[in-house]
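# Structural overview
This is what each chain is made of:
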Amino acid sequence: MRYLLPILLSCLVASCSTTSFSSRESSGGVSLALDHWGHRPGPQGFQTVIIDAGHGGRDSGAVSRHTGDYEKHLALDTAKRLADKLRGQFRTVFIRTGDSFVDLDDRVALASRQGGAILVSLHYNSSPSSQVRGPETYYWRVDSHGLATRIQRGLESVIPARSGNLGLRRRRLRLTRNPQIPCVLVEFGYLSNAGEARLCAAPGHRDRLASVVATAIRTQAQLGDAGTGPKPPPLNQPLSRPTDPPGS
Ligand SMILES: [Zn+2]
């Protein structure tokens, strides 16, 4: 069942910017236009950050049996902390500002209305194995690799990644493949792991997580992809659909 967004845009006042974005903007030679595939360098000079707090409403996301925390609440809390840290430098747009359900395709449609913007979707993870832990950052588009790399590096400075695991992952998800702007999905940690769940329950820890994501966004806006290593190859794959088999 599709839900219409009750509130399509909840713009928090991150700066005094009232700039409206056309789809033809560019900065530093790096295109910021809306783009279907994203086979291009990462963005530079963008001024709008769309912040998507994962889940919401009847969709709780993961629930920690260790702390009782709901992913949807932790994600929204972290989203608001991130917006605070970007205030004054970026215009921020929230997909949701309260405990409301928003369909994934509606989140994508909302993001794709914005030229000159990036999207970050914020989540906390869960696994059937209580041993699994560590932050992960997902991307699909070539133009999202640099930002994802920066975010994952930042997260690993706060939460050491589990050994042997590369937390930077290219995966075709609805929020990494389908938006027409650079987009990254962040999993801050596993609520199914006792130690990490307790860490994520601490407001100070979530504040540090928000800080490193804000720093990564600022650096990406200043430098583009510089220093983020070779770009991944272009991949032409269809849009991600809810009916796709897991892991496809
Ligand atoms: Zn989630």
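Conventions adopted
- Residues numbered from 1 in each chain as written.
- Predicted model: local features only at pLDDT ≥ 70, side-chain atom pairs only at ≥ 80, totals over all residues.
- Helix = DSSP H or I, 4+ residues; strand = E, 2+ residues; numbered from the N terminus.
- Buried ≥ 20, exposed ≤ 12 C-beta atoms within 10 Å, placed from the backbone.
- Contact = placed C-beta atoms within 7 Å.
- Pairing = 2+ DSSP bridges.
- Arc of directions from axis to C-beta.
- Core = buried A, V, L, I, M, F, W, Y, C linked by C-beta atoms within 7 Å.
- Expected span 1.5 Å × (residues − 1).
- Axes fitted to C-alpha atoms, helices over the stretch in contact; angles between N-to-C directions.
- Parallel < 35°, antiparallel > 145°, perpendicular 65-115°, else oblique.
- Left-handed = near helix turned anticlockwise from the far one by under 90°.
- Nonpolar A, V, L, I, M, F, W, Y, C, P; charged D, E, K, R; others polar.

### Some points on the overall build of the protein
Scanning the protein for helices and strands turns up six helices and nine strands. The buried share of the protein, reckoned over its 248 residues, is 48%. Across the protein, contacts joining residues at least 24 apart in sequence account for 81% of those joining residues at least 6 apart.

### Points about the pairing of strand β7 (residues 136–139)
Residues Glu 136 and Tyr 138 point to one face of β7 and Thr 137 and Tyr 139 to the other, with burial holding for every one of them. In this sheet, strand β9 (residues 183–190) lies alongside β7 in antiparallel orientation, the contact comprising three bridges. Residue pairing for β9: Tyr 138 is matched across the bridge by Leu 185. Bridge count between β7 and strand β8 (residues 168–170): three bridges; the pairing is parallel. The residue bridging Tyr 138 from the neighbouring strand is Arg 169, located in β8.

### Section: helix α2 (residues 104–112)
Residues Arg 107, Val 108, Leu 110 and Ala 111 constitute the buried set of α2. End-on view of α2: buried residues confined to an arc of 165°, all on one side of the axis. Residues of α2 that are buried make contact with β4 (48–53), β6 (117–125), α4 (174–177) and β9.

### Remarks on the pairing of β6
With nine of nine residues buried, β6 is to be regarded as a mostly interior element. Burial along β6 is two-sided: the face carrying Ala 117, Leu 119, Ser 121, His 123 and Asn 125 and the face carrying Ile 118, Val 120, Leu 122 and Tyr 124 are both buried. Taken together, the six bridges between β4 and β6 define a ladder with parallel strand orientation. Looking at β6, one finds that Val 49 is bridged to Ile 118.

### What to know about the nonpolar core
Of all hydrophobic cores here, the largest spans 57 residues; its most connected members are Ile 118, Val 184 and Val 213. Residue contributions to this core peak at eight residues, all from helix α6 (residues 203–223).

### Side note on helix α1 (residues 71–86)
Between its first and last C-alpha atoms α1 spans 22 Å; for 16 residues at 1.5 Å apiece the expected length is 22 Å, and the two agree. In terms of burial, α1 is largely enclosed, as 12 of its 16 residues are buried. One or two steps after α1, the chain reaches Gly 88, where phi turns positive at roughly 95°.

### With respect to the packing of α1 against α6
The contact between α1 and α6 brings their axes to 8 Å, and the two run at 50°. Compared by their axis directions, α1 and α6 come out oblique. Relative to α6, the crossing made by α1 is right-handed. For the pair formed by α1 and α6, the contact residues are Leu 74, Asp 77, Thr 78, Arg 81, Leu 82, Lys 85 and Leu 86 on the first element and Arg 206, Asp 207, Leu 209, Ala 210, Ser 211, Val 213, Ala 214 and Ile 217 on the second. Along the lines of polarity and charge, the residues of the contact of α1 with α6 split into eight nonpolar, two polar and five charged.

### Quick look at unusual backbone geometry
Phi angles above zero are rare outside glycine, and His 55 is one such case at about 65°. Inspection of the secondary structure puts His 55 in the loop between β4 and α1. Take His 55: there are 25 C-beta atoms within 10 Å of it, and that puts it in the buried class.

### Some words on the packing of helix α3 (residues 145–158) against α6
Remark: α3 packs on α6, axes separated minimally by 9 Å, with the N-to-C direction vectors making an angle of 150°. For the pair α3 and α6, the crossing hand works out as right-handed. Residues Gly 146, Leu 147, Arg 150, Ile 151, Gly 154, Leu 155, Ser 157 and Val 158 of α3 form the contact with α6, whose own contacting residues are Arg 208, Leu 209, Val 212, Val 213, Thr 215, Ala 216, Thr 219 and Gln 220.

### Some words on the environment of Val 49
Within the secondary structure, Val 49 sits in strand β4. The exposure class of Val 49 is buried, given the 24 C-beta atoms found within 10 Å. In the structure, Val 49 is positioned 65 residues away from Gln 114 in sequence and 9.5 Å away in space, judged by C-alpha atoms. The residues touching Val 49, leaving out its near neighbours within four places in the chain, are Leu 86, Phe 90, Thr 92, Ala 117, Ile 118, Val 120 and Ile 217.

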